[in-house]
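Structural overview for review
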Amino acid sequence: MRDNGFLGERLESIWKLLFGDVPKLNNVSIRFSGKSKSKFGHIARKGGDTEIVINELFRFDDVPEYIIDLTIAHELSHYAHGFNSPLKQKYRHPHKGGVVTKEMTLRGFDKMIKMEKMFFRKEWPKIYERLREFKK
Ligand SMILES: [Zn+2]
């Protein structure tokens, strides 16, 4: 089962390899929390720091690793656009106009985004049911 240390390592690798041009201007932490069926992650400002939160059910190996990578990349795109980060805000709204998808496509996630759509529709509902015990 994955832990918060795993998330920290993934965040560091993805940032270095695929978001290397995005300066890290504050402390950015990442942890598992929440067991939503429809929400995979979010990014928030905590004082001067930034916190990324990933769906707690993604601790389980039932969820493929690329789903976690995509969720991290999604939240890093918000950071790059100046949402819940010290960077200059690039857009008026965090999602309007598909700016996150565009950002991720530019960074090479286009194929994974298609895979995620399939996963969300076909696999995730089954996994979510299977993890029912843990959700209590
Ligand atoms: Zn978002």
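The following paragraphs examine the structure supplied in this document. (Residues numbered from 1 in each chain as written. Predicted model: local features only at pLDDT ≥ 70, side-chain atom pairs only at ≥ 80, totals over all residues. Heavy atoms only, no water.)

Moving on: the packing of aromatic side chains. Across all of its chains, the model carries seven aromatic pairs by this definition. Ring geometry for Trp15 and Tyr79: centres 5.1 Å apart, planes at 70°, overall edge-to-face. Taken as a pair, Trp15 in helix H1 (residues 4-18) and Tyr79 in helix H2 (residues 65-80) lie far apart in primary sequence, 64 residues in all. The pair Trp15 / Tyr79 is uniform in exposure class, with both members buried. Measuring from centroid to centroid gives 6.3 Å for Phe119 and Trp124, while their planes differ by 35°, and the two rings are tilted. (Phe/Tyr/Trp six-rings, centres within 6.5 Å; stacked < 30°, edge-to-face > 60°. Helix = DSSP H or I, 4+ residues; strand = E, 2+ residues; numbered from the N terminus. Buried < 20%, exposed > 50% of the residue type's maximum accessible area, 1.4 Å probe, protein only.)

Turning to helix H4 (residues 110-130), a few remarks are in order. Between its terminal C-alpha atoms H4 stretches 29 Å, which fits the 30 Å expected from 21 residues at 1.5 Å a residue. At Glu123, H4 is deflected by roughly 50°, the largest bend along its length, and proline Pro125 occurs up to four residues later in sequence. Among the residues of H4, those classed as buried are Ile113, Phe119, Trp124, Ile127 and Tyr128. (Expected span 1.5 Å × (residues − 1). Bend = angle between axes of the 7 residues up to and from the residue.)

At their nearest, the axes of H2 and H4 sit 10 Å apart, and the two run at 115° to each other. The interaxial crossing formed by H2 with H4 has left-handed handedness. On H4, the residues touching Tyr66, Ile67 and Leu70 of H2 are Met112, Ile113, Met115, Glu116 and Phe119. For the contact of H2 with H4, a count of residues per class yields seven nonpolar, no polar and one charged. (Axes fitted to C-alpha atoms, helices over the stretch in contact; angles between N-to-C directions. Left-handed = near helix turned anticlockwise from the far one by under 90°. Contact = heavy atoms within 4.5 Å. Nonpolar A, V, L, I, M, F, W, Y, C, P; charged D, E, K, R; others polar.)

One finds Leu11, Trp15, Phe19, Ile54, Phe58, Ile72 and Trp124 to be the most contacted residues of the largest nonpolar core, which totals 37 residues. Take this core: its biggest share by element is nine residues, from H2. In this structure Ile54 touches Leu7, Ile30, Arg31, Phe32, Ser33, Phe40, Gly41, Thr71 and Ile72, once residues within four positions along its chain are discounted. (Core = buried A, V, L, I, M, F, W, Y, C linked by side-chain atoms within 4.5 Å.)

Right, let's talk about helix H3 (residues 99-106) for a bit. Taken residue by residue, H3 has Val99, Val100, Glu103 and Met104 as its buried positions. Viewed end-on, H3 has its buried residues packed into an arc of 130°, placing them on one side of the element. Across from the buried face of H3, at angles greater than 90 degrees, the exposed residues are Lys102 and Leu106. Residues of H3 that are buried sit in contact with H2 and H4. (Arc of directions from axis to C-beta.)

Moving on: the coordination of the zinc ion. His74 (NE2), His78 (NE2) and His95 (NE2) make up the full set of protein donors to the zinc ion, lying at 2.0 to 2.1 Å. Site description for the zinc ion: donor spacing in sequence, H-x3-H-x16-H. Here His78 is found in helix H2, whereas its partner His95 is found in the loop between H2 and H3, with 17 residues between them in sequence. (Donors = N, O, S within 2.8 Å, 3.2 Å for Na, K, Ca; no water.)

What follows concerns the pairing of strand S3 (residues 49-54). Among the six residues that make up S3, five are buried, leaving the element largely enclosed by the rest of the structure. Pairing between strand S1 (residues 28-32) and S3: five bridges, direction parallel. Note that in S3 the partner of Phe32 across the bridge is Ile54. Of the pairings in the sheet, the one linking strand S2 (residues 41-46) to S3 comprises six bridges and is antiparallel in character. The partner of Ile43 across the bridge, within S3, is Ile52. (Pairing = 2+ DSSP bridges.)

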